[in-house]
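Notes for the structure review
Given next are the chains, with one letter for each unit.
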Amino acid sequence: MIPKKEILGVGIHTLHMDEAVDTAADFLLKSDKCRVIATANPEMIMMAQDDPSLAHALREADLVVPDGVGAVWALNRQYGLQQTRVAGFDLTQNILALSAKKGYRVFFFGGAPGVAMTAKENAEAKYPGLAVCGVRDGFFAESEEEDIVRMINDAKADFVLVALGVPKQENWITRHKDKLNASLIIGVGGTLDVMAGVVQRAPKWMQEAKLEWLFRLLCQPKRFLRMLALPRFVLAVLCAKK
Ligand code: UDP
């Protein structure tokens, strides 16, 4: 059993990157059902306080990794751990490398039209042997959802990346995971945008200085309102009882 600790009522698994990759590898080996990975950051944790379906999706996920420096800070503060960050982007890259090695078929779902296709071309160049067996953009009517499930199943995907943003991706996954034949599905937010080169990821030094949030804010100032969740999160954690 992977240890799990609660931050503001959201359970987060306290593992490190290598253990998260091993867990994903294990999920991919067991093909009895579609297992779900969620990446918890402060924005998502705050959203889950007022959004019961997101809170439910996080409870149901098979693995919730501590993404975001705020989530790591809160775990270390509340429980005296030596938790490190398991960034969703990096975890996804590691599972793609594993998929290339083991021959798992991958499906990219989400982003604006064209983004998933460019991400596929870049990923196949970066991970020789990787089979991205299908792509689908993330803009669709509710009536198309069953077709998307069929598309993923027809492509015989083992690993599905869902990049619709929070909480749309978590809700989509909750609604459809039991109909998917894939072994593993992960909600990845803007990961396909970064893989396609549409959005830049913070330089390494900013990631290491725990300033990735600032880089995202400078690149996408319209995130300002959403990012007010960060100080609210810090305040809520400081006021919370263990
Ligand atoms: N997106 C999508 N369908 C939608 C809304 C958003 O595919 O209906 C995509 C959007 O194009 C972007 C991603 O979802 O690629 C959200 O990225 P963001 O960085 O905002 O993710 P978050 O911060 O929510 O994890």
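Note: the structure precedes this text.
Before going into details, it helps to say that this report is about the structure given with it.

Conventions we followed
Residues numbered from 1 in each chain as written. Predicted model: local features only at pLDDT ≥ 70, side-chain atom pairs only at ≥ 80, totals over all residues. Heavy atoms only, no water. Core = buried A, V, L, I, M, F, W, Y, C linked by side-chain atoms within 4.5 Å. Buried < 20%, exposed > 50% of the residue type's maximum accessible area, 1.4 Å probe, protein only. Helix = DSSP H or I, 4+ residues; strand = E, 2+ residues; numbered from the N terminus. Patch = residues over 30% accessible without salt bridge, like charges linked within 9 Å, V, L, I, M, F, W, Y side chains within 5 Å. Areas by Shrake-Rupley, 256 points an atom, 1.4 Å probe, with all protein chains shown as cover. Salt bridge = Lys/Arg side-chain N within 4 Å of Asp/Glu carboxyl O. Axes fitted to C-alpha atoms, helices over the stretch in contact; angles between N-to-C directions. Parallel < 35°, antiparallel > 145°, perpendicular 65-115°, else oblique. Left-handed = near helix turned anticlockwise from the far one by under 90°. Contact = heavy atoms within 4.5 Å. Nonpolar A, V, L, I, M, F, W, Y, C, P; charged D, E, K, R; others polar. Near = heavy atom within 4 Å. Polar contact = N/O pair within 3.5 Å; in protein donor to acceptor, adjacent residues only side chain to side chain. Phe/Tyr/Trp six-rings, centres within 6.5 Å; stacked < 30°, edge-to-face > 60°. Pairing = 2+ DSSP bridges.

1. Quick notes on the nonpolar core
Core analysis: the largest hydrophobic core is formed by 38 residues, its most contacted members being Ile 12, Trp 172 and Ile 185. Considering every element that reaches this core, the biggest residue donor is helix H2 (residues 42-50), with four residues. Listed in part, the 37 residues of the second largest apolar core include Leu 98, Phe 108, Val 135 and Met 195.

2. What to know about a nonpolar patch on the surface
Taken together, the side chains of Trp 73, Val 234 and Leu 238 define a hydrophobic patch exposed on the protein surface, amounting to about 240 Å² of accessible area. For Val 234, a relative accessible area of 35% corresponds to the partly exposed category.

3. Some remarks on the packing of helix H1 (residues 17-29) against helix H5 (residues 88-102)
Where H1 meets H5, the closest approach of the two axes is 10 Å, and the angle between their N-to-C directions is 50 degrees. Between H1 and H5, the angle falls in the class oblique. Note on packing geometry: the crossing formed by H1 with H5 is right-handed. Between H1 and H5, the contacting residues are Met 17, Ala 20, Val 21, Ala 24, Ala 25 and Leu 28 on the first element and Asp 90, Leu 91, Asn 94, Ile 95 and Leu 98 on the second. The class makeup of the residues in the contact of H1 with H5 is nine nonpolar, one polar and one charged.

4. Notes on the site of the ligand
Close to the ligand lie 16 residues; Gly 138, Lys 168, Asp 193, Arg 223 and Arg 226 are nearest. Note that an oxygen atom of the ligand is positioned 3.1 Å from one of the side-chain N or O atoms of Arg 216. Burial of the ligand by the protein chains amounts to 79% of its free accessible area of 550 Å². In terms of residue class, the shell around the ligand is made up of five nonpolar, six polar and five charged.

5. Concerning the packing of aromatic side chains
Tallying each qualifying case throughout the model produces two aromatic pairs. Where Phe 109 meets Phe 140, the ring centres are 5.7 Å apart and the plane angle is 40 degrees; that geometry is what we call tilted. Within this pair, whereas Phe 109 is found in strand S5 (residues 105-110), its partner Phe 140 is found in the loop between strand S6 (131-136) and helix H7 (145-154), the two being separated by 31 residues in sequence. The pair Phe 109 / Phe 140 is uniform in exposure class, with both members buried.

6. Section: the sheet that holds strand S7 (residues 159-163)
Pairing between sheet strands relies on hydrogen bonds along the backbone, with the strands arranged either parallel or antiparallel. What the six strands build is an open sheet, ordered S4-S3-S8-S7-S5-S6; its pairing is parallel. Unpaired on one side and paired on the other, strand S4 (63-66) and S6 mark the two borders of the sheet. Strand-to-strand, the axes of this sheet are offset by a mean angle of 20 degrees, without reference to chain direction. Here S5 runs beside S6; their pairing, made up of five bridges, is parallel. Along S6, the bridge assignment pairs Phe 108 with Val 135. In this fold helix H6 (residues 115-126) packs onto S5 and S6, with an angle of close to 170 degrees to the strand it touches most, S6. Across the sheet, helix H8 (residues 168-176) touches strand S3 (35-40), S5, S7 and strand S8 (184-187), and the angle it forms with S8 is around 155 degrees.

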